[in-house]
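An overview of the molecular structure
Residue strings, one per chain:
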Amino acid sequence: MEKKTEIEKKVNVRDLTICDATAQMLEKARRDGVETAFDRAINMKACPIGADSACCKHCAMGPCRLNAKDPYGKVGVCGADIDTIQARNFSRMVASGAAAHTDHGMSMLDLFREVVNGHITDYSIKDPLKLESVAQSIGIETEGKSVAEIAKELYTELEKTYIQIEGEIPFMKRVPPKTLETWRKLGVVPRGAMREIMEMMHRTHMGVDQHYENLAQQFTRTAISDGWGGSMVATEISDILFGTPSPICVEVNMGVLKENQVNIIIHGHEPNLFESILESVNEPSLVQAAKDAGAAGINLVGMCCSGAEMLSRHGIPHAGNFMSTEAILVTGAVDALGVDVQCIKQGLAKVAECYGTPMFTTNSRCRIEGAVHIPFDDHHPKECTDEIVIRAITRFKHRTHPIEIPNIVNVGVHGFSHEYINYMLGGSFRGSYTPLNENIINGRIRGVAGVVGCTNPRVKQDWVHVELVKELIKNDILVLQTGCSQIALAKAGLTVPEAAILAGPGLREVCETVGMPPVLGMGSCVDNSRILVAAAEMVREGGLGDSLASLPVAGAAPEWMSEKAISIGQYFVASGVYTVFGVTFPIVEHTKFYKMMFEDFEKQGLGKWGFAVDPYEMARMMIDHIDKKRKALGIDKARERTLFDMADRRSMEAA
Ligand code: NFS
Ligand code: SF4
């Protein structure tokens, strides 16, 4: 114990995070003697063999550990070499990440089916226009059909995303033809996600697939079944049921907690829980109960991904990203923490207990010792959400812990669905991606980057995200964001139109003309599918090549931590995007597997992986790639001309 405190003392909280609110709470946690994941990350040295993905525990002849310094010097007991071991480990990360997104998507589809069948009445189809456009995008004839008829047909089609045994999943119809042709040639077009994930698990069992290239074919197919399958269904169905986001001004950061109100945090990934608790907190009898308990009202706040969805759809305030979930409990102001699935640290239960915050699990898939389980059922959702509100009110009434809420709130604009980008740039009468493409072709916008993903206590929270994005926009690259990354930039104040002053002259001019921020928040991690759809639209629009791989775009997950991020990275790579990860990468350099991931994929017409810890290095890699694509498209000269013109104009104006 002595030793631990010494290590902690040596590490200033300012070295752990650039989020002032989180830093303030980490200081308090230390004073209170409460441990968080930041402390555990300091005390738990990452296993170097595991970090290199040089170990295998797929059978009881092992576990076997190879040597990353001499990767071909040794093989496992069964004879598996370093390439097989890395490829199998990577495959299983993709399978797990893809399973998380597709199981979430399937829950949304279950809900949709029951709404369509009339068995669930607490939810309804809020966005019939979106229903129609999704149906049309996969070839369903909508002319003269009722909403109910279209919905039934759409359900039957989308179910194939999961359970289809043979044939291509429905959203393959959205993939630009040239990209689809490449995928068919490589044999990576998914059948149904269940089948792909099952086959992936089979092939990574001891003694099955022992060729890294063959494994790569299947993990690519599995990842595509996530991005263009499970995740895309999750986004589209959520929009149909709860509404398609459009830009909205929202408050972010821990200052959204209110000392004089009953504070409820929902942290997780599935929007249905959140949608229902939003109804519960507006229930007049519960509002009255809160007032009777002495509260000024009930304050509902989101964290992580379902928080990012509610922020985009309804303007619900967002309190912080993944590495702030323990810290916020340290305020003592949280009267209930409700969680569903994914990215819920087990450590939350302990911290919640320290501050007398009741924690509730709600999904049968996720239970935590020390948390109270209140099952959430889509057929009677309010039974669960009302109960959480009632217990929060009780906790408010009996608050015993001193309260300290960081007085920090950042206001920003979020909710840029691909539909809205279409409308925003193309005008209200006839939305289109023409202006975006034109501005890329004429060089005002150099390219587009998706910066997404987690925060991770192995690096300074939010810092890599923020520095990377600043560097990109400074170089005229429009940034699209989702998940915890989006919240990092919101806290840094970059999701406002005024942030355009930080952009390069070309991007700045476009942002100022349209009145948009240089950083567009698109929602949760499953909403990365919005980025794919936007990219497909850019190809369809014309002038930027005929496949996704020809676009001047790049992606990054600078502070990633989850297997979901790996699946996302792989489906971006499969979709032709150069994708750079930070923190660490589960791979050994100077191996065949490494060469395939970081070089050869691109030669097959896909994207490729990149890795850098330093945000400026990461930005440079992405910019170089974007310039390479511009050159291949023959639009590199246009940019020089445009920027020269602009500089000319400015100097003339000044004179
Ligand atoms: Ni994405 Fe959302 Fe955040 Fe990472 Fe976790 S909340 S699904 S996995 S940590 S971005
Ligand atoms: Fe070792 Fe092979 Fe078993 Fe893996 S599958 S643990 S490498 S013997």
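Residues numbered from 1 in each chain as written. Chains lettered and ligands numbered in written order. Predicted model: local features only at pLDDT ≥ 70, side-chain atom pairs only at ≥ 80, totals over all residues. Heavy atoms only, no water.

**Thoughts on the sheet that holds strand 11 (residues 447-451)**
- Spatially, 13-12-11-14-15-16 is the arrangement adopted by the six strands of the open sheet, whose pairing is parallel. Looking along the sheet, the strands with just one partner apiece sit at the ends: strand 13 (519-521) and strand 16 (608-611). Each strand axis lies, on average, 25° off the axis of its neighbour in the sheet, ignoring direction.
- Sheet topology places strand 14 (residues 553-557) next to strand 15 (residues 578-581); four bridges connect them, and they run parallel. Its bridge partner being in strand 15, A557 is matched across the sheet by F581.
- Strand contacts of helix 23 (residues 563-574): strand 15 and strand 16, with the helix running at about 155° to strand 15, the strand carrying the most contacts. (Pairing = 2+ DSSP bridges. Helix = DSSP H or I, 4+ residues; strand = E, 2+ residues; numbered from the N terminus. Axes fitted to C-alpha atoms, helices over the stretch in contact; angles between N-to-C directions. Contact = heavy atoms within 4.5 Å.)

**A look at the coordination of the nickel atom of ligand 1**
- What the protein offers the nickel atom of ligand 1 as a donor is a single atom, C525 (SG), at 2.2 Å.
- Each of the four donor atoms around the nickel atom of ligand 1 contributes to a set of angles spanning 91 to 159°, which defines the coordination as irregular.
- Turning to its location among the elements, C525 is positioned in the loop between strand 13 and helix 22 (528-541). (Donors = N, O, S within 2.8 Å, 3.2 Å for Na, K, Ca; no water. Tetrahedral: all angles 85-135°; square planar, octahedral: opposite > 155°, others 65-115°.)

**A few points about the site of ligand 2**
- Residues in close proximity to ligand 2 include C56, H58, C59, M61, G62, C64, G76, V77, C78, A80, R88 and M206, which together make up its full environment.
- Across the shell around ligand 2, the residue classes break down as eight nonpolar, three polar and one charged. (Near = heavy atom within 4 Å. Nonpolar A, V, L, I, M, F, W, Y, C, P; charged D, E, K, R; others polar.)

**Some remarks on helix 5 (residues 82-116)**
- Here helix 5 contains 35 residues, and its C-alpha end-to-end distance of 50 Å stays within 8% of the 51 Å for a straight helix at 1.5 Å per residue.
- Of all 35 residues in helix 5, 29 are buried, a share of seventy percent or more. (Expected span 1.5 Å × (residues − 1). Buried < 20%, exposed > 50% of the residue type's maximum accessible area, 1.4 Å probe, protein only.)

**Observations concerning the nonpolar core**
- Membership of the largest hydrophobic core comes to 161 residues, with the highest contact counts inside it found for F112, I264 and M597.
- Not counting residues within four places of it along the chain, the set of residues in contact with F112 comprises I125, L131, A151, L154, Y155, I237, I240 and L241.
- Counting residues in each nonpolar core, the second largest holds 32 residues, with C19, M303, V339 and C366 among its members. (Core = buried A, V, L, I, M, F, W, Y, C linked by side-chain atoms within 4.5 Å.)

**Comments concerning the packing of helix 5 against helix 9 (residues 193-203)**
- Axis separation between helix 5 and helix 9 bottoms out at 10 Å; the angle between their running directions is 155°. Classed by the angle they form, the pair helix 5 and helix 9 counts as roughly antiparallel. Judged by the sense of rotation from one axis to the other, the crossing of helix 5 with helix 9 is left-handed. Together, S91, R92, A95, A98, A99, T102 and M106 of helix 5 and A193, M194, I197, M200 and M201 of helix 9 make up the contact between the two elements. (Parallel < 35°, antiparallel > 145°, perpendicular 65-115°, else oblique. Left-handed = near helix turned anticlockwise from the far one by under 90°.)

**Examining the pattern of salt bridges**
- Under the defined criterion, the tally for this structure stands at 47 salt bridges.
- One salt bridge in this structure joins E326 and R40, with 2.8 Å as the shortest N-O distance. One end of the pair, E326, is in helix 14 (residues 325-329); the other, R40, is in helix 3 (residues 37-43), with 286 residues separating them in the sequence.
- Note on E326: relative accessible area 2%, which makes it buried.
- A relative accessible area of 30% places R40 in the partly exposed class.
- Two residues, E236 and K130, come together in a salt bridge whose shortest N-O distance is 2.7 Å. Taken together, the residues span a long stretch of sequence, with E236 in helix 10 (residues 212-242) and K130 in helix 6 (residues 128-137) at a distance of 106 residues. Residues E236 and K130 agree in their burial class; the two are buried.
- One salt-bridge network, in which partners are shared between bridges, spans K130, R174, E236, D239, E309, R313, E419, D527 and R530. (Salt bridge = Lys/Arg side-chain N within 4 Å of Asp/Glu carboxyl O.)

**Topic: the packing of aromatic side chains**
- The final tally for this structure, using the stated rule, is 17 aromatic pairs.
- Centre to centre, the rings of F416 and Y420 are 6.4 Å apart; their planes meet at 70°, and the pair counts as edge-to-face.
- Classification of Y420 by relative accessible area gives partly exposed; the value is 22%.
- Site record: aromatic cluster; members linked through ring pairs are F90, F219, W560, F581, F585, F593, Y594, F598, W609 and F611.
- One Lys or Arg, K345, reaches over the ring of F322 and ends 4.0 Å from the middle of that ring.
- Note that K608 overlies the ring of Y578, its terminal NZ or CZ placed 5.3 Å from the centroid. (Phe/Tyr/Trp six-rings, centres within 6.5 Å; stacked < 30°, edge-to-face > 60°. Lys NZ or Arg CZ within 6 Å of the ring centre and 35° of its normal.)

**A short note on the pairing of strand 4 (residues 262-267)**
- A large share of strand 4 lies buried, amounting to six of its six residues.
- Strand direction decides the pairing type here: strand 4 and strand 5 (residues 298-303), joined by six bridges, are parallel. Of the residues in strand 5, the one forming a bridge with I264 is L300.
- In this sheet, strand 7 (residues 336-339) lies alongside strand 4 in parallel orientation, the contact comprising four bridges. In the sheet register, H267 faces strand 7, and the bridge partner there is V339.

**Digging into the domain arrangement of the protein**
- Splitting the protein by domain gives domain 1 (82-242), domain 2 (254-397) and domain 3 (410-654).
- Here the C-alpha centre of domain 2 lies 30 Å away from the C-alpha centre of domain 1.
- The partner domain 2 presents 16 residues to the 17 residues of domain 1 that form the contact.
- Buried area between domain 1 and domain 2, summed over both chains or domains, comes out near 1,300 Å², and the portion from carbon and sulfur atoms is 47%.
- Across the domain 1-domain 2 interface, the total number found is two salt bridges.
- Between D103 and R365 there is a salt bridge, and its shortest N-O distance comes to 2.6 Å.
- Our count for the domain 1 to domain 2 interface comes out at eight residue pairs in polar contact (both at pLDDT 80 or more).
- When contributions to the side of domain 1 that touches domain 2 are tallied by element, the ones reaching two or more residues are helix 5 and helix 10.
- For the side of domain 1 that touches domain 2, the element with the most residues is helix 5, which contributes eight residues.
- Of the residues belonging to the side of domain 1 that touches domain 2, the class tally is six nonpolar, six polar and five charged. (Domains from an automatic or database assignment. Buried area = accessible area lost by both parts, 1.4 Å probe. Polar contact = N/O pair within 3.5 Å; in protein donor to acceptor, adjacent residues only side chain to side chain.)

**A few points about the site of ligand 1**
- As a matter of local geometry, ligand 1 sits amid H269, C304, C305, F322, C343, G453, C454, C484, C525, M561, S562 and K564.
- In the shell around ligand 1, the residues fall into eight nonpolar, three polar and one charged.
- Of the domains in this structure, domain 2 (254-397) and domain 3 (410-654) are the two that each give at least three residues to the shell around ligand 1.

**Section: the pairing of strand 14**
- The buried fraction of strand 14 amounts to five of the five residues, a majority that puts the element mostly inside the structure.
- Where burial is concerned, the two faces of strand 14 agree: the one with V553, G555 and A557 and the one with A554 and A556 are both buried.
- Relative to strand 14, strand 11 runs parallel, the two sharing four bridges. Each residue of the ladder has a partner; that of G450, found in strand 14, is G555.
- With helix 23 bridging strand 14 and its parallel neighbour strand 15, the resulting β-α-β unit is right-handed. (Right-handed = clockwise from strand over helix to strand, strands pointing away.)

**Quick word on the side chain of H465**
- Mapped onto the fold, H465 is located in helix 19 (residues 463-474).
- Note on H465: relative accessible area 0%, which makes it buried.
- Side chain to side chain, H465 and S485 meet in a polar contact 2.9 Å long.
- The residues touching H465, leaving out its near neighbours within four places in the chain, are V451, V452, G453, C454, T455, S485, A488, L489, P558 and E559.

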